[in-house]
Amino acid sequence: LEQRLARCSNLLRELPGYHSGHRPRLLQAAAVPDNYLTWQRVLGLYPLARPIALDAIERLQQRLERPFLEPPQPQGVLSRYQPREGYPVERLSGQPKHRQVALNPLGVPQVPADLLHHLFRRFAPVLEVDTRNDADRIGRVRWRVGGQAEVDTGDPLVYLYPGYTRFQGQVLLQLNYLFWFPARDTGDIYAGRFDALIWRVTLNEHFRPMAYDSIHGCGCYSQLFPAPGYRLTETPVAVEPVLSPVPAPSLAPSQRILLRLAAATHYLQGVTADSGNQSLGIEYAAADYDELRSLPLPEGGRRSLFADNGLVLGSERAERFLLWPFGVPSAGAMRQPGTHAIAFVGRRHFDDPRLLQQLLAKVP
């Protein structure tokens, strides 16, 4: 693919008039559509709904922040999940084989497969999930007979995919960890089949964490945790504030991040350094996120988990009838990475390459 792209780009540059006329027009046309429906905001009188939404979001963020300051009592049993063959961490904390990573012509780091595997293993989190029933267990997504998808909790799994961000003139690597749950079992308008948590680690040019952030599979409940040496910037008053309950902990070479998750809602309730007591946990395996684009069917053939619009069919929530004026298609439904709108007030995307440039600053 890279060779074909290079050949095509060379042909493009050789076109008569490319530098004088074609290139400016191409740059002007290179606009990526966002994941909001403007017509819904117009019909829903968005300017009038915005102050009401900001007040509701502020109250929700206060509720989400409270468990970080006052750890709650579990509603069920605390189930611990840890990466398979991921301990002891000391084996993963040495210098990788590739200290220097080449950049492609766009400045994107070309991380070799073995180094990428090393980094995914090194920064894989430990989960501590308040478990009341099977809806609070992570698992593998599969198709079952009849054409309905489900999460097999007998096979604990994380789906991995890399990403990139721009920060202070550099393109940096991001590690995405996607965990699936069978359902959000809350009995309200936010309940429904399937739930998911995406945990993202942004690494600096030396492959050390500079920030962690997370969203649910619907794009909701975005939270940011700056690593030591970084801080959150100020958010404009008229835009949805960024929730950053606590800074990320400083990790010793033998430690991992421990994520505490609530029962039913799977809200994050704590981000701490793990003690490393691997004898108590359930091991989870890892799979390439691209598997979700082509899952085997029981009767033969393959099919993507995601529909053409990026949504997971069957994961719709009743909340979409309440939140449609804010322009997020089928609010609450699970969706494909790359389609996550993460704010109801303003426009903000999880995969915006300049998101952290807007939200983070280095501590002098």
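Worth saying up front: this structure is predicted, and the values here are computed from it rather than measured.

Applying the stated rule across the entire model yields eleven salt bridges. In this structure, Arg 347 engages Asp 34 in a salt bridge whose closest nitrogen and oxygen atoms are separated by 2.5 Å. You can see Arg 347 sitting in the loop between helix H6 (320-323) and helix H7 (355-359) and its partner Asp 34 sitting in the loop between helix H2 (18-29) and helix H3 (38-43), a full 313 residues away along the chain. Residue class for Asp 34 comes out partly exposed when judged on its relative accessible area of 32%. Arg 200 is the partner of Asp 213 in a salt bridge, and the nearest nitrogen-oxygen pair spans 2.6 Å. Remark: Arg 200 occurs in strand E7 (residues 192-203) and Asp 213 occurs in strand E8 (residues 209-216); sequence separation between them is 13 residues. Assigned by exposure class, Asp 213 and Arg 200 land together as buried. Linked by salt bridges that have partners in common, Arg 142, Arg 144, Glu 150 and Asp 152 make up one network.

Let us look at the sheet that holds strand E13 (residues 282-288). Read from one edge to the other, the open sheet built from ten strands follows the order E9-E8-E7-E6-E5-E13-E1-E2-E11-E12, with strand pairing classed as mixed. Edge positions in the sheet fall to strand E9 (223-226) and strand E12 (268-273), since each has one partner strand and no second. The mean angle between the axes of side-by-side strands here comes to 25°, regardless of whether they run parallel or antiparallel. Looking at chain direction, strand E1 (residues 77-83) and strand E2 (residues 126-131) are connected through five bridges and run antiparallel. The partner of Ser 79 across the bridge, within E2, is Val 129. Strands in contact with helix H5 (residues 113-122) are strand E5 (157-167), strand E6 (170-184) and E7; relative to E6, the strand with the most contacts, it is inclined by about 55°.

Relative to the helices and strands, Gly 154 resides in the loop between strand E4 (148-152) and E5. Classification of Gly 154 as exposed rests on a relative accessible area of 67%. Separated by 20 residues in sequence, Gly 154 and Asp 134 place their C-alpha atoms 9.8 Å apart.

The next point concerns unusual backbone geometry. Backbone geometry at Tyr 221 places phi at a positive 60°, although glycine is not the residue there. In this fold, Tyr 221 is placed in the loop between E8 and E9. For Tyr 221, a relative accessible area of 16% puts it in the buried group. A positive phi is found at His 266, a non-glycine position, where the angle reads about 60°. Counting through the fold element by element, His 266 comes out in the loop between strand E11 (257-261) and E12.

This part covers the packing of aromatic side chains. The geometry of two aromatic rings is summed up by the distance between their centres and the angle between their planes. Counting across every chain of the model gives twelve aromatic pairs. An angle of 50° between the planes, with centres 5.0 Å apart, marks the rings of Tyr 161 and Tyr 289 as tilted. On the criterion of sequence distance, the pair formed by Tyr 161 in strand E5 and Tyr 289 in the loop between E13 and strand E14 (295-296) is long-range, its members being 128 residues apart. Ring centres 5.5 Å apart and planes at 20° place the aromatic pair Trp 199 and Tyr 212 in the stacked group.

Basis of the calculations
Residues numbered from 1 in each chain as written. Predicted model: local features only at pLDDT ≥ 70, side-chain atom pairs only at ≥ 80, totals over all residues. Heavy atoms only, no water. Salt bridge = Lys/Arg side-chain N within 4 Å of Asp/Glu carboxyl O. Helix = DSSP H or I, 4+ residues; strand = E, 2+ residues; numbered from the N terminus. Buried < 20%, exposed > 50% of the residue type's maximum accessible area, 1.4 Å probe, protein only. Pairing = 2+ DSSP bridges. Axes fitted to C-alpha atoms, helices over the stretch in contact; angles between N-to-C directions. Contact = heavy atoms within 4.5 Å. Phe/Tyr/Trp six-rings, centres within 6.5 Å; stacked < 30°, edge-to-face > 60°.

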